[in-house]
Amino acid sequence: MPGGSFVAGSARPQPPTVGLSLSGAAPPPANSPHPAAVPLLAVDHLSVEFRTRHGVVRALERVRFFVRRGETVGIVGESGSGKSVTAYALMGILDPAARVTEGRAVFGGLDLLHASRQELEAYRGRELAMIFQSPRTALNPIRTVGRQIEDVLIRHQTVPRAKVRDRVLELLTLVRIPDPDARAHTYPFEMSGGMCQRVMIALAIAASPALLIADEPTTGLDVTTQAAILDLLGDLARTNGMATVLISHDLGLIAERCDRIVVMHAGHVVEEAPARALFSAPRHPYTARLLASTPRAGAKLADLVPIPGGVPDLRGELSPCRYRARCERAAPECDEPPLPRTEIAPEHLVACRRPL
Ligand SMILES: Nc1ncnc2c1ncn2[C@@H]1O[C@H](COP(=O)(O)OP(=O)(O)O)[C@@H](O)[C@H]1O
Ligand code: SF4
Ligand SMILES: [Mg+2]
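A few points on the structure. Small disclaimer: the values here were computed from a predicted structure and weren't measured.

What counts and how
- Residues numbered from 1 in each chain as written.
- Chains lettered and ligands numbered in written order.
- Predicted model: local features only at pLDDT ≥ 70, side-chain atom pairs only at ≥ 80, totals over all residues.
- Near = placed C-beta within 6 Å.
- Nonpolar A, V, L, I, M, F, W, Y, C, P; charged D, E, K, R; others polar.
- Buried ≥ 20, exposed ≤ 12 C-beta atoms within 10 Å, placed from the backbone.
- Helix = DSSP H or I, 4+ residues; strand = E, 2+ residues; numbered from the N terminus.
- Pairing = 2+ DSSP bridges.

On to the site of ligand 2. Near ligand 2, the surroundings consist of P285, C321, Y323, R324, C327, R329, A330, C334, C352, R353 and R354. Among the residues forming the shell around ligand 2, the class breakdown is 7 nonpolar, no polar and 4 charged.

And the structure:
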C-alpha cells in the first residue's frame, strides 16, 4: 500500500486547467449530453501490467464500469482480483513496476490515466479522494490529527484561514469523534483503529470531493465498528451528494449499502448489476459462488460453500475467461476469444459464454 493519504499527501492543487469543473462553475456546450446522462466516472478498457523478475503480471484486463453522481458502487472479489490496483490506477498512485497498457478513466472530463501530474494533483483530494485499509499507517504519526486536518483545509483553501479551526472541529464532529476539542490535540497512536479511520474519513471529505474511493475501509476493525464506519460513510455520502466506490472482499458486508455492484475476478469485471438484481439472480458462475460463500443473516456456518480453486496466476497464458479452471459450467466454447460482455437486463452485464 502506498504510504500517506492523498488527502493529506499531495501538493496544493491548482484549479483544474482541463475538463469540467465538478463544482459546476462552467456551463456545458449547447450540444453536449444532458449532465445527468454523463457518469461522474467512466472507466473503459483499463488494463494494467506489472513487470516483475518472474514475468509480466497481467493484473487488470479491459476493466469497465461507471459511477454516477451521488451513487454508491461496490467493487467486490476475492483477494488478488484487482480491486486495489483499479483504485490506485484511478488515483495515479500505481507502483512504479506497473504500466497502464490500455484504457481511459474519464472523471469530470479529465482522463485520469493520461493526465499530467499537475492535473491529477488538482483533482486529488479536492474532487477525488481515497481512504485506505490501514488508516494508522496512512496518517502522519508525528502530527496531531487536528493539525493534519488543518493542513488539508489550508492546502485546498476550502475555508478562509480564520475559519480553519472551526472547520476542523466541525469535521471531527461530522465523523462522530467524541469530544472533538480534546481529540484534535491527540496523535494517531493515541487513538483506536476505528477512530483513526474516522480521522481518515474527515481528511478525505474535508474538501467535499465528488467521489470517494474507500478500499477495504473496515478491514481489521471489530464487527460493530465496521458497521458504524460503513453507516458513517453512507450518511456522509447522502448529505454531501458524494459518490462512493466501496471496495471489499466481503460481499455480505457491503451488499445493502450499494446501489450497484461490480464483481471482479482475476483482473476482469465478470458481472455488473444493480445490487438487488445481483443478489436475487446472479448470472455469472463466479458471482453465484461468491454469494454462496458469503455469510448471510440467519444462515448457518455449515451452509457456506467455499469457492473451489484459487485466483489463477496472472503471468503467462490465460484463458479468455480467467474463471475457466474453477468453473463447473466450463465448456469448449469458453476457450473462444474474445469473451463476450452481454447486457442481459438493463444495466446488468455479464462476461460469460454460458451465464446462469
Ligand atoms: N507491486 C506489484 N507487483 C506485482 N504484482 C502486483 C503488484 N501489486 C499487485 N499485484 C498483482 O495484481 C493483482 C491484483 O492485486 P490487488 O489489486 O492488490 O488485488 P485485491 O485488491 O483485489 O486484493 C494480484 O495478482 C497481485 O499479485
Ligand atoms: S465463460 Fe465458461 S468457463 Fe467462464 S464463467 Fe462462463 S461458463 Fe464458466
Ligand atoms: Mg486490495
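The subject of this paragraph is the pairing of strand β9 (residues 260-265). With 6 of its 6 residues buried, β9 lies for the most part within the structure. On β9, burial covers both faces: R260, V262 and M264 on one face and I261, V263 and H265 on the other are all buried. In this sheet, β9 lies alongside strand β3 (residues 72-76) in parallel orientation, the contact comprising 4 bridges. Looking at β9, one finds that G74 is bridged to I261. The pairing of β9 with strand β10 (residues 268-274) spans 6 bridges and is classified as antiparallel. The partner of V263 across the bridge, within β10, is E271. Taking the residues that link successive antiparallel strands as the turn, the β9-β10 hairpin has 2 residues, and the phi of A266 there is positive, at about 50°.

Turning to the sheet that holds strand β4 (residues 98-107), a few remarks are in order. Here 4 strands make up an open sheet; going across it, the order is β2-β1-β4-β5 and the pairing antiparallel. Whereas interior strands pair on both sides, the edge strands pair on one side only; in this sheet they are β2 (55-67) and β5 (110-111). Two strands pair when backbone bridges link them, and β4 and β5 are joined in this way by 2 bridges, in the antiparallel orientation. Its bridge partner being in β5, F107 is matched across the sheet by L110.

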